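Single-letter residue listing:
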Amino acid sequence: MTEGSMRRRSRPRSAPATLPDDDDILREILLRLPPLPSSLPRASLVSKRWLRLISDPGFLRRFRAFHCRQPPPLLGIFQSDFFCPFFTPTLDPPDRIPTARLYLPLPRDERWNFRDLRRVAFPPGFGTESNDIVRSAAVLCGDGHARRHHSRPFKLILLRTDDVLLDPNARAFAFFYDSETGVWGGLISASIKAPIHTLRPNILVGDSVFWLLHGYGKNGILEFDLGRQSLAEISTPVGDDASQLQILRMENNGLGIATLSDLSMQVWEREISSVNVATWILQKTIQLDKLLLLRSPEERARAVILGYDEDGHAMFICTTIGVFMIKLKSMEFRNLFETNVITAYHPYTSFYTTVISYIGKGVGIGDAEAKTLNHS
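Residues numbered from 1 in each chain as written. Predicted model: local features only at pLDDT ≥ 70, side-chain atom pairs only at ≥ 80, totals over all residues. Heavy atoms only, no water.

## Thoughts on the overall build of the protein chain
- Check the secondary structure of the protein chain and you find six helices and 24 strands.
- In the protein chain, which comprises 376 residues, the proportion classed as buried is 45%.
- For the protein chain, long-range pairs separated by at least 24 residues make up 50% of all intrachain contacts whose partners lie at least 6 apart in sequence.
- Accessible surface, the protein chain as shown: approximately 20,800 Å² in total, 52% of it carbon and sulfur. (Helix = DSSP H or I, 4+ residues; strand = E, 2+ residues; numbered from the N terminus. Buried < 20%, exposed > 50% of the residue type's maximum accessible area, 1.4 Å probe, protein only. Contact = heavy atoms within 4.5 Å. Areas by Shrake-Rupley, 256 points an atom, 1.4 Å probe, with all protein chains shown as cover.)

## Some points on the packing of aromatic side chains
- One pass over the full model with this rule turns up eight aromatic pairs.
- With 5.6 Å between their ring centres and 90° between their planes, Phe 78 and Tyr 348 make a pair best called edge-to-face. Residue Phe 78 is found in strand E1 (residues 76-79), and its partner Tyr 348 is found in strand E21 (residues 345-348); the two are separated by 270 residues along the sequence.
- Its relative accessible area of 9% is what places Tyr 348 among the buried residues.
- An aromatic cluster is present here, built from Phe 78, Phe 87 and Tyr 348 joined pairwise through their rings. (Phe/Tyr/Trp six-rings, centres within 6.5 Å; stacked < 30°, edge-to-face > 60°.)

## With respect to the side chain of Glu 223
- By the secondary structure assignment, Glu 223 is in strand E11 (residues 218-225).
- Despite being buried, Glu 223 has no salt bridge partner; Arg 270 is the closest side chain of opposite charge, sitting 4.8 Å away.
- Polar side-chain contacts of Glu 223 include one of 2.8 Å to the side chain of Ser 208. (Lys, Arg positive; Asp, Glu negative; His and termini not counted. Salt bridge = Lys/Arg side-chain N within 4 Å of Asp/Glu carboxyl O. Polar contact = N/O pair within 3.5 Å; in protein donor to acceptor, adjacent residues only side chain to side chain.)

## Things to note about the sheet that holds E1
- Ordered in space as E2-E1-E21, the three strands form an open sheet in which the pairing is antiparallel. Only two strands of the sheet have a single partner each, and these edge strands are strand E2 (86-89) and E21. Within this sheet the neighbouring strands show an average axis-to-axis angle of 30°, counted without direction. (Pairing = 2+ DSSP bridges. Axes fitted to C-alpha atoms, helices over the stretch in contact; angles between N-to-C directions.)

## Section: the sheet that holds strand E12 (residues 230-234)
- On the basis of which strands lie adjacent, the open sheet formed by four strands has the order E9-E10-E11-E12 and antiparallel pairing. Every other strand in the sheet has two partners, leaving strand E9 (203-205) and E12 as the edge strands with one partner each. Each strand of the sheet is rotated relative to its neighbour by a mean of 30°, with strand direction disregarded.
- Strand direction decides the pairing type here: E11 and E12, joined by five bridges, are antiparallel. Its bridge partner being in E12, Asp 225 is matched across the sheet by Ser 230.

## With respect to the confidence of the model for the protein chain
- Looking at the protein chain as a whole, the pLDDT averages 80, with 76% of positions reaching at least 70.
- Low pLDDT (under 50) marks residues 144-150, which in the prediction has 15 contacts with non-local residues, meaning those over four places away or in another chain.
- Long-range and interchain partners of residues 351-376, a stretch whose pLDDT sits below 50, account for 102 contacts in this model, where long-range means more than four residues apart. (pLDDT = per-residue confidence, 0-100.)

## What to know about the UniProt feature "domain: F-box" (unreviewed entry) in the protein chain
- Following the UniProt record, one finds the feature "domain: F-box" (unreviewed entry) at residues 23-61.
- Structurally, residues 23-61 comprises 67% helix and 0% strand, and the distance from its first C-alpha atom to its last is 17 Å. (UniProt positions renumbered as here; feature names shortened; annotations may be inferred.)

## Some points on a nonpolar patch on the surface
- Residues Leu 165, Leu 166 and Tyr 216 make up a contiguous nonpolar surface patch of about 380 Å² in total accessible area.
- Tracing the chain through its elements places Leu 166 in the loop between strand E5 (154-161) and strand E6 (171-178).
- A residue is classified by how much of its surface remains accessible, and Leu 166, at 69% relative accessible area, is exposed. (Patch = residues over 30% accessible without salt bridge, like charges linked within 9 Å, V, L, I, M, F, W, Y side chains within 5 Å.)

Given below as structure tokens:
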């Protein structure tokens, strides 16, 4: 060993970097932890100091605000079993939420619904007709804080429809409630040619809420414009013979729709011209057998749309070899699990979300699904 190498080896090693002593700097570092279920709990185990900073309500508010501009992580999906909802986690450990954590068992003779946290009386005169049945509804919050603090304003839309099969002039009727005024607006209606697809949740796009109309060989999309307080049916880009459709929220916050025929899925986007003319533009065609590497005839035998994550812009597709989650932007996909049950899937992305349900003579708001009102 040469003298030079001995001198190099004998040099003292530099001291390891130390964590900042300033609480403000440490808060800024902790603020940038990923918004995953395990991030803050694991960080709080480092020391009592970290626990004190992380458990501070002011820090938690900043943490939510810091990450609110990005899509929340998809924690899992609820399968739409009317008697007992079944939760399936989608994240990997240590962020994976155990299925038992969100299991809601009920007696055999009871049906499930989410607990009411706030109740609103039905619109005046509602319930006087035999067809006064809520077909669908949506709750919209003014900001993320409204999901937790129920004194914040919210908007509520209730929908009922005529029986399209029996009434050739069937209409949909919307009731709009604003918590800031505490009153229901006037009745809003529009002609429809198909019933609301109850297994396809509504989608918030810009300042409008959209429902898929599907059934009896006819298709359409029902739009409730929050700014104009109007209701209208718009056409789809495919014929009425299309059997599988899913409304989408596109990347530029525009309205889209996916159509699935056999193993070919088309993604369309609705564009509005400068003279207010709407046109559907085909954005991409996805051959699911090639994307998902479905090789044998048995593997290519079936593909069914189960649901859609509007925040993550991802589709849930059931095949004979499993349920796939496909991100429509990157075309990345995951085989989540195998199942023989074809049902509706509802994404679960946050613990600070709200859903409406109606019980007795009022409408309640509980924990399940949320639509955040965006102002463009």
